[in-house]
Amino acid sequence: MPNPQTALEPGRYSPACRHRRVRVTAADLPLCCPRPDEAVWNAHPRVYLPIEDAPDGRILCPYCSTEFILEEGGGHGA
C-alpha cells in the first residue's frame, strides 16, 4: 500500500534527513527533525529541537546527527 502522505503529492516532499547541515531562521521555529517538508514515512521519529536555547545557535539531531544552525533573518535555509 502506498504511503498516503507522499503518494498523493510525490513532488511536494523531499527525502527525510538527507542534509547534514541545515541553516534555519526564527521563521522555522519551532524546529523539528525531520522537517515539515520532508517525507517522514521512512525517517526517524519527529523530534523537536530547542535551538533557540543553544548558546552558539547550533544543535544536532540526536537520531541522524544533522546539524542545524540558527541564523538571523526570516527566510528559510537549507
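Refer to the structure above for everything that follows.
Here the structure is a predicted model, which is why all the values come from computation and not from measurement.

Describe the sheet that holds strand 4 (residues 58–60), listing the residues and the values that go with them.
Sheet strands associate in pairs through backbone hydrogen bonding, adopting either a parallel or an antiparallel arrangement. With mixed pairing, the 3 strands of this open sheet are ordered in space as 1-5-4. In this open sheet, the two strands that pair with only one neighbour each are strand 1 (21–24) and strand 4. Taken over all neighbouring pairs, the strand axes of this sheet differ in orientation by 20 degrees on average, direction set aside. The pairing of strand 4 with strand 5 (residues 67–70) spans 3 bridges and is antiparallel. The partner of Ile-59 across the bridge, within strand 5, is Phe-68.

If you had to explain the pairing of strand 5 to someone new, which residues and values would you point to?
Relative to strand 5, strand 1 runs parallel, the two sharing 4 bridges. Across the sheet, the residue bridging to Arg-23 is Ile-69, located in strand 5. Hairpin geometry of strand 4 and strand 5 is characterised by an intervening segment of 6 residues between the two adjacent antiparallel strands and by a positive phi of about 65 degrees at Ser-65.

Rules behind the numbers
- Residues numbered from 1 in each chain as written.
- Predicted model: local features only at pLDDT ≥ 70, side-chain atom pairs only at ≥ 80, totals over all residues.
- Heavy atoms only, no water.
- Pairing = 2+ DSSP bridges.
- Helix = DSSP H or I, 4+ residues; strand = E, 2+ residues; numbered from the N terminus.
- Axes fitted to C-alpha atoms, helices over the stretch in contact; angles between N-to-C directions.

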